[in-house]
Amino acid sequence: MSTTSTYEAVIGLEVHAELLTATKIFCSCAARFGSEPNTDVCPVCAGFPGTLPVLNGKVVEFAIMTGLALHCDIAPRCKFDRKNYFYPDLPKGYQISQYDQPIATKGFLEVRVADESTRVGIHRVHMEEDAGKLVHVGAAGLAGSDYSLVDLNRAGVPLLEIVSEPDIRSSEQARAYMAELRLLLVTLKVNDGRLEEGSLRCDANVSVRPAGQAQLGTRTEIKNLNSLRFLQKAIDFEIDRQVRVLSEGGVIVQETRLWSEERQVTYAMRSKEEASDYRYFPEPDLSPLVIDSSWIADIRAQMPELPAARRTRYVDLGLSPYDAGVLVDQMELASAFDAAAAVSAYPKAIATWLIKDVARLLNEGKLRLADLPFQPEQLARLVDMVERQEITVAAARKVLAAVVAEGKDPAALVAEMGLAAMADAGALRDVIERILDAHQAQVAEFKSGKTKVLGFLTGQVMRQTQGRAQPQQVASLLEAALARR
Ligand SMILES: [Zn+2]
C-alpha cells in the first residue's frame, strides 16, 4: 500500500509462557495438561479463605535462567503483587503477579530477517500464576452457549510474562522475534513452545506514526495470536487498518482487539484497561524474594548452549550462515548434526546431507528423526565415503534411503547392494568401449560436431554402471575414448 510508506509501524510483543515445572507456582498440585477437570486442585489454588501460598523454587530458577538467556539484569530483590479483577476462572478474585519489581529487566534478543539483524529490547520478565479455564457448553462461542463450566486445573500453573520494548518495525520482525523466543524457551526446557495449544501465548501491541515522528501513536493490543502465521497476518492487517483510519482523518482508539482467522480481520473486543483498573498492591502472604549472586552463578553454569551461540559455532565449523540457521531452528536436526560431525572430517557436507536429503526423506514420510532406526554416526560414515569418492552421490542416496528404512550400517549396505564406486578405470574403460561399439550412429554424430549426443552416451554409461561410476571420471574417459575413434 503506497500510504504505508509514509507511516512507520511500532510493535511490541507480550508473551506468556507456561513453565514446565512438575507442580504449580504456589501449591503442590501437578501442573500438567489433559487431566480430568478439577482433579489437579487443592484449597490453595482453588482460593479457599485462610490458605497461604508457598513459592515454588523451580519457577524462580526458570525465571532467572530465561532472564539470563535474554541478557537481562536479574533483580537481587523482587516482590509479588495482587492484580485484582473478577472473572469466574479466577477463584481468589486476584492473580498473584509482579507489578513494579519484576525479577528481570533490560535485556535483548537478537532477531534476524533475511540478512538483517535487529536487537529487540526486553523490557521485563516477571512471574505470575495462570487462571483456570471456562468451558462453554452448547452452541459455539461464549455468546451462544447455554452455560459455562469452570475447570481450575490450570489455576496456579506458573507463567513467565516476557515483554519486549516497542523496537519491532514490521510483521516479519515480529514473527522472527516470536520464533527466536520460542526456540530459546524450548532450548532452555522451560516451555514446550506450543502456540497452538496455548502453553505459549502472544499479544501484540501495534501503533503507527508518521515516518520520522518521535512520539508514539495510540496503540491497540491484539490477542488470540496462536500461531506465527496468525501473528504476522494480524499485525499486517492492523497496520493497514490504522494507516487507513489516520489517512482518512480519523483517530485510533486504544482498545483490545482479536484476530479472526475466519474473516481475516482484527475486531474490537473491549476498551483497554489501565494498570490502575487492577488496584495492584503488594502480596501480603509472600515475603519479598531475595536472590543471591551465587544462585545466579549456579544457574548460569547449568544453562545449555543457546541458539545464537550454536549458530556461531556451526559457522566456525565451515557451514554457511543459512545452513547453520536451518539446523539450529530444527533442534532434532541440530542434535543429529552434532553427533555426526563429532565423528566426521566433513561437517559442511554432513549439514548439506541433513538439510537436503535427510529432511526430504523425513518430510516425504511425515516422520521425525527419532522415529527412524537411524544413527547420526551412520550418516557420518556415509558422507565420509562420498567425500573420499568411495561411492557416488547417486549411490549414497540409495544407501541413505535403505539406512533410514532398515537402520543397517551404511558400509554393509554398500557391499550388500553392490554400490561401491568403480575405482578401477580399466573396468570403466571397457564399459565405455562396449557402449560406443553399440552406438555407432551416435558416435558418428558426435564426430560430425553434434556434441549434444555426449549427454546420451554419458547416460548409457551411468545406467550400465548403476550409478557406481564417478561422473567426472566417466566424462574424461568418455571424451578420451571418443577422441580415439
Ligand atoms: Zn493446588
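Residues numbered from 1 in each chain as written. Predicted model: local features only at pLDDT ≥ 70, side-chain atom pairs only at ≥ 80, totals over all residues.

Peer 1: Would you mind going over the nonpolar core with me for this structure?
Peer 2: The nonpolar side chains of a soluble globular protein tend to be buried with one another. Counting 67 residues, the largest nonpolar core has Y177 and A204 as the members making the most contacts within it. When contributions to this core are tallied by element, the ones reaching two or more residues are β1 (7-18), α1 (57-69), β6 (104-113), β7 (116-129), β10 (158-164), α3 (171-187), β11 (200-210) and α4 (228-247). In terms of residues, this core owes the most to one element, α3, which gives seven residues. For Y177, the residues in contact, after removing those within four places along its chain, are L13, L109, V111, V120, S164 and I168. Counting residues in hydrophobic clusters, the runner-up holds 35 residues, among them Y314, L362, V399 and V414. (Core = buried A, V, L, I, M, F, W, Y, C linked by C-beta atoms within 7 Å. Buried ≥ 20, exposed ≤ 12 C-beta atoms within 10 Å, placed from the backbone. Helix = DSSP H or I, 4+ residues; strand = E, 2+ residues; numbered from the N terminus. Contact = placed C-beta atoms within 7 Å.)

Peer 1: Please explain the sheet that holds β1 as it appears in this structure.
Peer 2: Hydrogen bonds between backbone atoms are what pair the strands of a sheet, whose relative direction is either parallel or antiparallel. Taken in spatial order, the nine strands of this open sheet run β2-β6-β7-β10-β1-β11-β12-β13-β14, and their pairing is mixed. On the outer flanks of this sheet lie β2 (73-74) and β14 (265-271), each paired with one strand and no other. The sheet contact formed by strand β13 (residues 255-260) and β14 spans six bridges and is antiparallel. Its bridge partner lying in β14, R257 is registered against A268. Across the sheet, α4 is in contact with β1, β11, β12 (220-223), β13 and β14; its angle to β11 comes to roughly 25°. (Pairing = 2+ DSSP bridges. Axes fitted to C-alpha atoms, helices over the stretch in contact; angles between N-to-C directions.)

Peer 1: What is the right way to read helix α6 (residues 307-316) from this model?
Peer 2: One full turn of an α-helix is made of 3.6 residues, so residues set three or four places apart face in the same direction. Taken as a whole, α6 has its buried residues at P307, R310, R311 and Y314. Mapping the buried residues of α6 onto a view down its axis gives an arc of 100°, with all of them on the same face. Of the exposed residues in α6, those oriented more than 90 degrees away from the buried face are A309 and D316. Taken together, the buried residues of α6 touch α3, α7 (321-329) and α8 (331-341). The positive-phi residue at the C-terminal boundary of α6 is G318, with phi of around 105°. (Arc of directions from axis to C-beta.)

Peer 1: When you look at the sheet that holds strand β15 (residues 281-282) in this model, what are you seeing that I'm missing?
Peer 2: Strand order in the open sheet formed by three strands is β5-β4-β15, with antiparallel pairing between adjacent strands. One side of each edge strand has no neighbouring strand; the edge strands of this open sheet are β5 (94-97) and β15. Where strand β4 (residues 81-84) lies against β5, four bridges are found, and the strand directions are antiparallel. Bridging across to β5, K83 finds its partner in Q95.

Peer 1: I tried to follow the domain arrangement of the protein chain on my own but got confused; where do I start?
Peer 2: By convention, interface size is frequently given as the accessible area that disappears when the constituent parts associate. For the protein chain, the assigned domains read domain 1 (2-295), domain 2 (305-416) and domain 3 (425-484). Of note, the centres of domain 1 and domain 3, computed from C-alpha atoms alone, are 66 Å apart. (Domains from an automatic or database assignment.)

Peer 1: Help me understand the pairing of β11 in this model?
Peer 2: Residues in a regular strand point their side chains to alternate faces of the sheet. By the bridge criterion, 11 bridges tie β1 to β11 in an arrangement that is antiparallel. Within β11, the residue paired with H16 across the bridge is R201. The pairing of β11 with β12 spans three bridges and is antiparallel. The residue bridging A204 from the neighbouring strand is I222, located in β12.

Peer 1: Explain the environment of Q378 here, please?
Peer 2: Summarising the element assignment, Q378 is placed in helix α10 (residues 376-387). On a C-alpha basis, the gap between Q378 and G57 in space is 42 Å, while along the polypeptide they are 321 residues apart. In this structure Q378 touches V403, D409 and P410, once residues within four positions along its chain are discounted.

Peer 1: Explain α7 to me, please; I cannot follow it from the model alone.
Peer 2: Of the residues making up α7, those classed as buried are D323, A324, L327 and V328. Relative to the axis of α7, the buried residues are bounded by an arc of 125° and lie together on one face.

Peer 1: Could you clarify how one ought to interpret the packing of helix α14 (residues 440-447) against helix α15 (residues 453-464) in this entry?
Peer 2: What describes two packed helices is the angle between their axes and the distance between those same axes. One way to put it is that α14 packs onto α15 with a least axis distance of 9 Å and a crossing angle of 145°. You can see that α14 and α15 cross each other, and the crossing is left-handed. Along the contact surface, α14 presents Q442, E445 and F446, while α15 presents V453, L454, F456 and L457. The residue makeup of the contact of α14 with α15, split by class, is five nonpolar, one polar and one charged. (Left-handed = near helix turned anticlockwise from the far one by under 90°. Nonpolar A, V, L, I, M, F, W, Y, C, P; charged D, E, K, R; others polar.)

Peer 1: I'm lost on unusual backbone geometry in this one. Help?
Peer 2: Phi is positive for N38, close to 60°, though the residue is something other than glycine. With a phi close to 60°, Q264 is a non-glycine residue in the positive phi region. Along the chain, the position of Q264 falls in the loop between β13 and β14. Q264 gets classed as exposed once you count the C-beta atoms within 10 Å, which come to 11.

Peer 1: Whenever I open this one, the environment of R82 confuses me. Can you help?
Peer 2: Its location among the elements puts R82 in strand β4. Classification of R82 as buried rests on a count of 20 C-beta atoms within 10 Å. Taking the C-alpha atoms as reference points, R82 and I96, 14 residues apart in sequence, are found 4.8 Å from one another.

Peer 1: I tried to follow the packing of α1 against helix α5 (residues 293-302) on my own but got confused; where do I start?
Peer 2: Between α1 and α5, the shortest axis-to-axis distance is 10 Å and the interhelical angle comes to 70°. Comparing their axes, α5 and α1 come out roughly perpendicular. Note on packing geometry: the crossing formed by α1 with α5 is right-handed. Between α1 and α5, the contacting residues are E61, I64, M65 and L68 on the first element and I296, I299 and R300 on the second. (Parallel < 35°, antiparallel > 145°, perpendicular 65-115°, else oblique.)

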